[in-house]
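Coordinate inspection notes
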Amino acid sequence: MKVTREDSGSRYFSKVASENSTRAKCKKKEIFLHRPRKKTRLSLSLFTVFFSQDYKAWNFFEVEKRKEKGERKQTAHPTPISMAGGELILALPDDVLALISAHLRPRDLLALSAADRRLHAALSAADKPWLAQCRRLLPSSSPPSHLLSWRAAAGGSSLTVCRFLHSAAPLRGLWAQQNPELGNLVAALPGFLSLVAIRAIPQELSPRLRWAPVFELLADAHGRPALLFLHGAGSLFPGRLSSLHPNTNALLLEALAPSPSSSSSSFSRLSFGNRCGLLDALVASCRVKLPPDLAAAPLFARSDEDLPLLAARREAMLRLHKDSSSSGGGMVSRAELEALLLEAAKKMPPTTNGDAAGDKVPLRRSLSAMAGFVRKGLLQMVTRSASANSTVEFGGSKHLALDEFLRAGKSVGLSLRGAQLRLSTYRAWPSMHGNRFALYKLATQAPVPGREYAGLWGGTFGWPPGRPEDDRKPRKALFFLLLSYEEDSERKLMLIATKVLEGTHYVVHPNGSAMFIARMGEPSTEAFPWQSDEDSRRVDIARSFAGEGIAAGYGFRYPGSKPGSLFALQDGRLAFVWRDNKSVLTLQRLDLEELLRKGERVPALPPIPNFAYLTKSLSNVFSVTHNSSGCSSSPR
């Protein structure tokens, strides 16, 4: 009877599925089945399954074929015919290995290299598998030609570029600060083997979006985004990325004193005045500047023609970072820093005693003193029944002394820390600390079926909607809204439009306000008030939803709401119409990264307020020239 390959395959897999399939043998010991070791990583096991199983089935078929022909074994001793998974992978051509690795995650490829020494050596030396990973991690907005230029700048190592793209991934996205109330929206996007954070300036509708640089993170020789440059007032201020959490939701600007005993959070234990003075002293002593031709160079490639200039700019910035101080990285010695702090303290105006001068204490100050008195009394009542240890903890100073912080190391430098903080959110807007130099990440939802309107949208008030190329004055104020979906207490789906940027001269609604909320399960009964658009074309409505729009409430901080309707137009735009006054806010989906690449660069604020503007303001502070290089003396 002739044995076919299908019959042999079924007989083979039936043997593997038997109880003794862990090491099946033929009756005459002509074949040994290979069993992978238990300690083999998942990725290596996957390769073994795909390749060795097929190899074993083929050999089983060959054995049965020899049995049918009556052939005898050529060797006296049985020899294993299966190969180890590592040998199978090493036997693959580079192009095939690159094709397979493109379907794996970087950590799976690293786990595969850790499963065997020969695999580790082979994957570390191979370039094509990591180049495939770079193409997988590269944002869609960056052409493949940019990736090849990055690899050339990294010494021809795709592994270095891959490590940078993977490490910098938690930093990409939208970041915000509460102040100023007009909006403080920062977008982090790829530069030239770097990550560039730029701020969209509150503005009126215009053909080009204005922006200002905030900071840059350059890849070091190993591909880590460790080299920091703050932007401000036409200069650069070097520092380092101290740590980065994989789920970073806050970027903290701090001073770091490298020491084995000091922690990255010791800076946050300083008082606000000491933190502000320390950052001011650091930026005053580590300022560097690029040559004029490179200072005017773009921060990211707008076309392939910018790549050589960006490569030269990167090399110049690496030299500046290395030569910025005796120890490099913008580090300032403790003695120099103490001298700067002492000089700044002498310039501070002396505090006057109001009682000695016979002045009256302001009402606000007296109320604050009364609130402090009540707070201390309540604290004593709470801690009276506490243990001795907790009494010492509450009774001690809550702030770290500045001299104790400086004694932790021989030098101090600027640092950026990516942390995961416990942040509560209200209608997609995170609660932000008023006295931390921080940027907070905005959770951006991706549009999916059933939630098609999630993402960043922009538009203006009025109908017909404004056009960027319209030169008429006055222009319409540009609004950026972040649309996200949430469920209410009854598990009904809502669409919330959070304001993240407002282009008016004086703020109308607080930053982070919900401009409108639409109930996605409740169709609107209202009709769209207009029949034609700006081009005299008929307006076709695809869907409509009932909801509420923002309105005047209990002061500026607590706005109210009035009923309205959200209309989804056939051309992809959204329009929310307030029922009572027929005001309309028209939106269209934005590609912010593309708008910033085609936008116009404007001068930045001094470095500290340019990173996090902590002073409460109701006007556009980013369009005003500031001569002071320091931060505000008050967080609010």
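Residues numbered from 1 in each chain as written. Predicted model: local features only at pLDDT ≥ 70, side-chain atom pairs only at ≥ 80, totals over all residues. Heavy atoms only, no water.

**Looking at the overall build of the chain**
When its secondary structure is counted, the chain shows 18 helices and 21 strands. Expressed as a percentage of contacts within the chain between residues at least 6 apart in sequence, the contacts between residues at least 24 apart total 67%. With an accessible surface of roughly 34,200 Å², the chain has 54% of that area assigned to carbon and sulfur atoms. (Helix = DSSP H or I, 4+ residues; strand = E, 2+ residues; numbered from the N terminus. Contact = heavy atoms within 4.5 Å. Areas by Shrake-Rupley, 256 points an atom, 1.4 Å probe, with all protein chains shown as cover.)

**Comments concerning the sheet that holds strand β15 (residues 493-502)**
Reading around the barrel, the 8 strands line up as β13-β14-β15-β16-β17-β18-β19-β20 and close back on themselves, with antiparallel pairing between neighbours. Strand-to-strand twist across the sheet, computed as the mean angle between neighbouring axes with direction ignored, equals 30°. Pairing between strand β13 (residues 455-461) and strand β20 (residues 584-589): 5 bridges, direction antiparallel. Of the residues in β20, the one forming a bridge with G459 is L587. (Pairing = 2+ DSSP bridges. Axes fitted to C-alpha atoms, helices over the stretch in contact; angles between N-to-C directions.)

**Topic: the nonpolar core**
Of all hydrophobic cores here, the largest spans 43 residues; its most connected members are F215, L278, L337, F405, F437 and F611. Of the residues forming this core, the biggest block, 7 residues, is contributed by helix α10 (residues 272-285). Listed in part, the 31 residues of the second largest apolar core include A200, L205, W211 and L596. (Core = buried A, V, L, I, M, F, W, Y, C linked by side-chain atoms within 4.5 Å. Buried < 20%, exposed > 50% of the residue type's maximum accessible area, 1.4 Å probe, protein only.)

**Points about the packing of aromatic side chains**
Tallying each qualifying case throughout the model produces 15 aromatic pairs. Between Y453 and F545, the aromatic rings sit 6.4 Å apart at their centres with planes inclined by 70°, giving edge-to-face as the arrangement. With Y453 in the loop between β12 (438-441) and β13 and F545 in strand β17 (residues 541-553), the pair connects residues that are 92 residues apart, well separated along the chain. Neither residue differs from the other here; Y453 and F545 are each classed as buried. An aromatic cluster is built from F461, F479, F516, F576 and W578, whose rings are joined through pairwise contacts. (Phe/Tyr/Trp six-rings, centres within 6.5 Å; stacked < 30°, edge-to-face > 60°.)

**Some words on the side chain of R275**
Looking at the secondary structure, you find R275 in helix α10. No salt bridge is formed by the buried R275; its nearest oppositely charged neighbour, E254, is found at 7.8 Å. Within the local environment of R275, its side chain forms a polar contact with the backbone oxygen of N435, the two atoms lying 2.7 Å apart. Excluding anything up to four places from it in sequence, R275 contacts F267, S268, L270, N435 and R436. (Lys, Arg positive; Asp, Glu negative; His and termini not counted. Salt bridge = Lys/Arg side-chain N within 4 Å of Asp/Glu carboxyl O. Polar contact = N/O pair within 3.5 Å; in protein donor to acceptor, adjacent residues only side chain to side chain.)

**Section: α10**
For α10, with 14 residues, the first-to-last C-alpha span of 20 Å sits near the 20 Å given by 1.5 Å per residue. Those residues of α10 that sit buried are F272, R275, C276, L278, L279, A281, L282 and V283. (Expected span 1.5 Å × (residues − 1).)

**Observations regarding the pattern of salt bridges**
On inspection of all chains with the given rule, the structure shows 22 salt bridges. In this structure, the salt-bridge partner of D571 is R573, at a minimum N-O distance of 2.9 Å. Note that K598 and E594 form a salt bridge whose closest N and O atoms lie 3.4 Å from each other. By relative accessible area, E594 is classed as partly exposed at 32%. Each of R172, E593 and R597 takes part in salt bridges that share partners, so that together they form one network.

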